[in-house]
Amino acid sequence: MEFPILSALTYLPLVGALIILFIPRDSHEAIKATATSTSALCLALAILAWLAFDNGAGGFQLEERAEWIPQIGVSYHMGVDGISMPMVFLTCLVSLVSIAYSWIINERVKEYFALFLLLQTACVGVFVALDFFLFYIFWEISLVPLYFIIGAWGGPNREYAAIKFFLYTLVGSVLMLLAIVILYFASGVTPADRTFDIVEMIERQPTAALAPGLAMAVFVGFFVAFAIKVPCFPFHTWLPDAHVEAPTAGSVILAGILLKLGSYGMIRINMPLMPEQWALAAPWIGILAIISIIYGSLAAMAQSDLKKLIAYSSIGHMGFVTLGLAAMNVQGISGAVMQMFSHGLITSCLFLLVGVVYERAHIREIDGFGGLGKITPRYFGVFIFVALAALGLPALSGFVAELYVLLGAYASGTMNEVSAEGLAVLGTPWFAYLAILGIVLTAAYMLWTVQRVFMGERNEKWANMPDINPLELACLAPLMALTLLVGCYPAPLLKPIATASMDILAGAMGTQLR
Amino acid sequence: METLVFFGLAVPILVLAVVVVTTPHILRAVVSLFLALVGVAGLFFLMRAPILGVMQLMIYAGGVVVLFAFAVMLVRRVTGEFVRQQTGLAGPALVVGLLFFVVLMGIGSGYLAGLEDEAAAAGSVHPVSRDLAERLVLTDVPEEIDPVEDFSPVMIRDYVIPFEIASILLLVAMIGAVLVGHPLEQKHPGGEIEPEEPAEEGEGA
Amino acid sequence: MVYLIPEFLLVLVGAVGLVIAFAPSRPRLRAYSLVGGLTCFGGAVVAGYLAYLATTDLGAELAATAPGYLTTTLALDPFSRVFAVLSLIVCGLTFLLSKEYLETRMQDHQPELLAVIAFAAAGMSFLGSARELITIWFSIELLSVCGYVLAAFTKDDERSAEAALKYFILGTASSAFMLFGLSYVYGMTGRLDLVGIMEATAGDGIGVLLPTAAVLMLVGFGFKVAMVPFHMWCPDVYEGAPTPVTAFLSVGPKLAALAALARVFSTAFPHEVARVAWEGVLFWGALITMTLGNVVAIKQSNIKRMLAYSSIAHAGYMLVAVLVTLRSDLALSALAIYAFAYVFMNLGAFAVVTSFSNRTGSDALHSYNGLARRSPYLAWAWAFFALTLVGLPPTAGFLGKAYIIMAAWDAGATWNSPMFWLLVVLVLNSAISLAYYMGVAGRMFFKPPAHDDPVPVGGGVGTAIGLCLAGTLLMVLAAGPIIGAIQNGAVFALH
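Values in this document were obtained by computation on a predicted structure and should not be read as measured data.

1. Digging into the overall build of chain C
Then comes step 1: Tallying secondary structure elements over chain C gives 21 helices and zero strands in all.
Then comes step 2: By the compact-globule yardstick of 23 Å for 495 residues, chain C fits well, its C-alpha radius of gyration being 21 Å.
Then comes step 3: Expressed as lengths along the three principal axes of its C-alpha atoms, the size of chain C is roughly 70 × 55 × 45 Å.
Then comes step 4: Out of the 495 residues in chain C, the part that is buried amounts to 66%.
Then comes step 5: Contacts in chain C between residues far apart in sequence, at least 24 positions, make up 82% of those at least 6 positions apart.

2. Some thoughts on the interface of chain A and chain C
Then comes step 1: Contacts between the two partners involve 31 residues from chain A, matched on the other side by 29 residues from chain C.
Then comes step 2: With 14 residues, the top contributor of residues to the side of chain A that touches chain C is helix α7 (residues 158-186) of chain A.
Then comes step 3: Of the residues in the side of chain A that touches chain C, the class split is 24 nonpolar, three polar and four charged.

3. Some details on the environment of Thr71(C)
Residues and elements named next belong to chain C.
Then comes step 1: As for its placement among the helices and strands, Thr71 is situated in helix α4 (residues 68-73).
Then comes step 2: Residue classification places Thr71 among the partly exposed positions, given that 17 C-beta atoms sit within 10 Å.
Then comes step 3: The spacing of Thr71 and Tyr342 is 271 residues in sequence and 30 Å in space, taken between C-alpha atoms.

4. As for the pairing of strand β1 (residues 61-69) of chain A
Residue and element names in this part refer to chain A.
Then comes step 1: As paired elements, β1 and strand β2 (residues 74-80) share six bridges and run antiparallel to each other. Counterpart to Ala66 in the pairing with β2 is Tyr76.
Then comes step 2: Hairpin geometry of β1 and β2 is characterised by an intervening segment of four residues between the two adjacent antiparallel strands and by a positive phi of about 70° at Gly73.

5. Points about the confidence of the model for chain C
Then comes step 1: Looking at chain C, pLDDT values average 87 and 97% of them are 70 or higher.
Then comes step 2: Scoring the predicted complex yields pTM 0.88 and, for the interface, ipTM 0.91.

6. Description of the packing of helix α4 (residues 109-128) of chain A against helix α5 (residues 132-141) of chain A
All names here are of chain A.
Then comes step 1: It is at 8 Å that the axes of α4 and α5 come closest, and there the two elements cross at 150°. When the interaxial angle is binned, α4 and α5 end up roughly antiparallel. Between α4 and α5 the crossing geometry is left-handed. In contact with Ala122, Gly125 and Val126 of α4, α5 contributes Phe135, Phe138, Trp139 and Ile141.
Then comes step 2: Tallied by class, the residues present in the contact of α4 with α5 amount to six nonpolar, one polar and no charged.

7. A look at the environment of Leu378(C)
Residues and elements named next belong to chain C.
Then comes step 1: Along the chain, the position of Leu378 falls in helix α17 (residues 376-390).
Then comes step 2: The exposure class assigned to Leu378 is buried, which follows from the 25 C-beta atoms found within 10 Å.
Then comes step 3: Once the C-alpha coordinates of Leu378 and Ser355 are considered, the two residues, 23 residues apart in sequence, prove to be 8.2 Å apart.
Then comes step 4: Aside from chain neighbours lying at most four places away, what touches Leu378 is Val352, Ser355, Phe356, Leu371, Val455 and Val457.

8. Looking at the environment of Ala302(A)
Then comes step 1: Considering the arrangement of structural elements, one finds Ala302(A) in helix α12 (residues 275-302).
Then comes step 2: Once the C-alpha coordinates of Ala302(A) and Tyr312(A) are considered, the two residues, ten residues apart in sequence, prove to be 9.8 Å apart.

9. Details of helix α2 (residues 26-46) of chain B
Then comes step 1: Helix length check: α2(B), at 21 residues, gives a terminal C-alpha distance of 30 Å against a target of 30 Å (1.5 Å per residue), a fit within 8%.
Then comes step 2: Turning to α2(B), its buried residues number three or more, namely Ser32(B), Leu33(B), Phe34(B), Ala36(B), Leu37(B), Gly39(B), Ala41(B) and Gly42(B).

10. Quick word on the nonpolar core
Then comes step 1: Among the nonpolar cores identified, the biggest contains 446 residues, and Val172(B), Leu150(C), Leu335(C), Tyr338(C) and Trp382(C) are the most heavily contacted of them.
Then comes step 2: If one sorts the elements of this core by residue count, helix α15 (residues 331-360) of chain C sits on top with 21 residues.
Then comes step 3: Residues within four places of Tyr338(C) in sequence aside, it is in contact with Tyr317(C), Met318(C), Ala321(C), Gly400(C), Tyr403(C) and Ile404(C).

11. Examining the packing of helix α5 (residues 78-105) of chain C against helix α21 (residues 479-489) of chain C
Residue and element names in this part refer to chain C.
Then comes step 1: It is at 8 Å that the axes of α5 and α21 come closest, and there the two elements cross at 130°. As far as their axial angle goes, α21 and α5 are oblique. Across from Pro78, Phe79, Arg81 and Val82 in α5, the residues of α21 making contact are Ile486, Asn488 and Gly489.
Then comes step 2: Counted by class, the contact of α5 with α21 contains four nonpolar, two polar and one charged residues.

12. What to know about unusual backbone geometry
Then comes step 1: Backbone torsion omega between Phe233(A) and Pro234(A) reads 5°, so that peptide bond is classified as cis.
Then comes step 2: Examined against the element boundaries, Pro234(A) turns out to sit in the loop between α9 (212-229) and α10 (238-245).
Then comes step 3: Cis geometry marks the peptide bond from Pro393(C) to Pro394(C), where omega comes out at 0°.
Then comes step 4: As for its position among the elements, Pro394(C) is in the loop between α17 and α18 (396-410).
Then comes step 5: Even without a glycine there, the phi angle at Leu62(A) is positive, about 55°.
Then comes step 6: By the element assignment, Leu62(A) lies in strand β1.

The rules behind the values
- Along every chain, residues carry numbers that run from 1 in the direction the sequence is written.
- All chains are assigned letters beginning at A, and all ligands numbers beginning at 1, according to the order in which they are written.
- Residue-level local features of this predicted model are given only where pLDDT is at least 70; pairs of side-chain atoms are given and counted only at 80 or more, and the full residue set underlies all totals for whole chains, interfaces and linings.
- Counting from the N terminus, the helices are the DSSP runs of H or I reaching at least four residues and the strands are the DSSP runs of E reaching at least two.
- For this measure, only C-alpha atoms enter the radius of gyration; the expected value for a globule follows 2.2 Å times N^0.38, where N is the number of residues.
- Partly exposed residues are those falling between the two cut-offs: more than 12 but fewer than 20 other C-beta atoms within 10 Å of their own, whereas 20 or more means buried and 12 or fewer means exposed, with C-beta atoms placed from the backbone.
- We call two residues in contact when the distance between their C-beta atoms, placed using the backbone, is within 7 Å.
- Only Asp, Glu, Lys and Arg are considered charged, only Ala, Val, Leu, Ile, Met, Phe, Trp, Tyr, Cys and Pro nonpolar, and every remaining residue, Gly among them, polar.
- Here a strand pair is declared whenever DSSP counts at least two bridges between the two strands.
- In predicted models, pLDDT denotes the confidence assigned by the predictor to each residue on a 0 to 100 scale.
- A fitted line through C-alpha atoms serves as each axis, taken over the contacting stretch for helices, and the angle formed by two N-to-C directions is quoted from 0 to 180°.
- Each angle is binned into one of four classes, with values under 35 degrees roughly parallel, values over 145 roughly antiparallel, values of 65 to 115 roughly perpendicular, and all other values oblique.
- The hand of a helix crossing depends on one turn: near helix anticlockwise from the far one by less than a right angle means left-handed, and clockwise means right-handed.
- What a helix should span is 1.5 Å times the count of its residues minus one.
- Remark: nonpolar core denotes a set of buried Ala, Val, Leu, Ile, Met, Phe, Trp, Tyr and Cys residues whose joining runs through C-beta atoms within 7 Å.

Below, the structure is given as structure tokens:
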């Protein structure tokens, strides 16, 4: 038997969390060091896993399979494809960054780091699980640590934000549980025949056997659960509250990884398992995506709180992911996954940067600053870089991703028939045009923010504000480097993603694309 | 003659039952209930169901009324005086009671009518009331067999398990009665005489 | 005879309790609660073996040659022994979690309380396997009378005495309804055993009396289960009774009544007219019970009342499994798995409450503020049990809920059918329940404590919490063997 690298990757943080439980409450340094080294080890494992992963081969690799509850066809099945592999890597990277940044935490340290490691386990688990039972377990576990992180280390209104976050996402996921059970019973006639295995189910296409109304209900059950997590308009209202109240590292991991769980679910479950329903619903999903993009950007523009602004910008950026998926072709899906990856990097940077300034000033009002560019030049430089990445400047990762999404949406809107690259489900190129408007708006609020915070009259109140320190820079540097790398040379990332996208479309269309 | 005895018992039972729910004095209600239950036992004897009659006397007139007496003592402890029955809900209670009566009569008579049809179809010579009596009372056996003689082996052979469960039940009820009945002021170091004999009974189960 | 070892053990434990009640001193109480608890866990292993035995050919042979007094009254099937395992576990856990409470909060009559709990557990076990009306009746009465006695143990407290009285009067009334129904069934069929009743009602000509009788019996069971609208006693009694007793009452009578409900109605009334009646009542009963329980629980300010309403809601979930016993092979498995999960999570939650109130004397929700700083073990244990009670993975509560949903869907639910909407209501209810369970966890973790005094956890109750944690987790992690065993055992013998 091969080394079960995915299980190791998933449970290593949990082991770290258990070790932390046995470290005395007051030895902060030891706890922090344990957490950081565990997370670093995970990143190393993730890189090893990616090296062992064949980018061009397609299909699920590094699979692990074992019996779990054979009575009802539940198995312990893990594996990664070209979409989950980058996501696993991203999870490990962002987790490491947020744990490293959390060295500034000095209150209830033990619980904090144990929860963070638990969260990492849950997120990696969702990305590698290939059995509905396992997937659902990790999916639900991911809610719990963040609830406590927001509630215990958050801002003044943290309790409300925490329970709102938990309730919203739980409502979605219990509906998903119902949908999973319905799919399970559709997957076979006799009890011995039925399965919870996702790969097996994609082959059997159980929705075909369901009544149209029920199939649509199942689709909606999954979609709402994922859309709440993404979050897609009109399910987004929990996000600004959660972000504003969460501690910086919590925001980073929430925006950087947890939102991706939603869009990942759409790719992994909704599209291949319910392609007909997806094709039917695609224009509506597209409309929701466009509303998310434009509403997110406009709302971001109207914010006076820096963190809320970033939160709304996340809604806008994740709208591109949904739009790319709605397009249902290779460019669209690849673009969506690229956007997930790139948004994971960029928005993590943005939240870290807000954290940096909040640590010093203890306010986040945009108008409370001014002229910071001269006081903290290095911080200014980093912020400009990240802001440009967020607005989609060419040669940075956001540009590649958004370009692909736009191409996909345009192709899906203009082609008349099924082409080799996917389906023409959107029906009109207006989706692409409106999304471009969204990009323009993003550029507008990003640049306006930079202007208000860094340019203009120097605010003497902050004259002694220290510049960005090495720890913070060390946290930001790998994310920024990857942003640049992916922007200039996207091929290594694009190759597995495109291969996996073709697999998914092939499954959905019942043909062989590659 | 039987009709005469029946009414001689039924009318007092009804009167006593009305007294149970209307009297403001709770002890008087308990006593009336006791007498009504004794009357019902008489009805069972009248219907040639001596075992049921004895049971009725032992369990209801004996056991249940004693339980009620304990309940009254508990109430007395709580409030320090005798509770007067609330009569505010008399109207609704009357309506519900009547409704229940009507429904039961309707269902019962419907059931009887069904039996009549069945009996007529089968060409039965017995009146339906006899069939019903046979079904309701433990006399599914020829009359010459003594029901008591027939009953006791069944109880301690086939139904020994419920019998033993009942013994544990009574044991627990006794513990409860002792606990509840204990005066509050007296502090006892523990159980006194009462757990002694039940303990043996419990082990036998 | 060997089948009755579990019940025999429970009665023995109770009887020993009465004997040592002569001179209760601390060491004796400690020894009794420990030895009694261990006996129960040992008995649970034996009962588990008996359950396994019942699924084998050897077991079938033994059942066929069993003496008449066993076969007449008790069903010698795997399910009855699975339920015996459950009764013994409940009794053992209650013994462990009671010890500190009895030492700190009660002056006398400590062993009697444990003894009555053991007798009640025996009644539970009998009720789970009873297959004819007389045994059912006596078992349920044994359980009820034990309940009345247990609820009245702290009669010094006025609220407690009032609650006990309410429980007693309402319980007796519901028993009367049930007995009324039982006697009608017997009068119509002339049979006492459930299978006989089923055979006697197979044809036509039974009319409306049978469904009426079935519904009357349902009233009696509904009271024990705390099905709306027969739940009124529940919050008062739970609040007034000693906390370990509340823990037992929230688990024992409820589960036993549910098991009996499933057995009685699926065995005796599978035919059209009566079946439509009881399934209809159970459908609406389950729907209203779970919703009312959860919604009212949100507004409570006393943790025992809150858990009372939450236990009403859980009864609603389990009623769904009972509702589909005739329609799905998974229903009994779902009921059994949920029952096990419920024992661990609910007793665990009550163990936390007991442990807290032993030291602080308070059950008010606000006194839990900041518990995470005062006793991390209790706070994390509560958080864990809360998540289990909501039904979040990876815990037994999730598995139980998933099984109930599966059973209900397996029962032939289709798009837009009533069952579909019942399931939607069920899953939304678990989201509602998050609000109050995690609300308490939020108090513990997010609010500042009134003062920083630590809340130490006693050995017995700490062990009980640990066992419950282990139980809830193991049911998922080792799901293959455990669930397999329960699922194999969740079978009624129809003979």
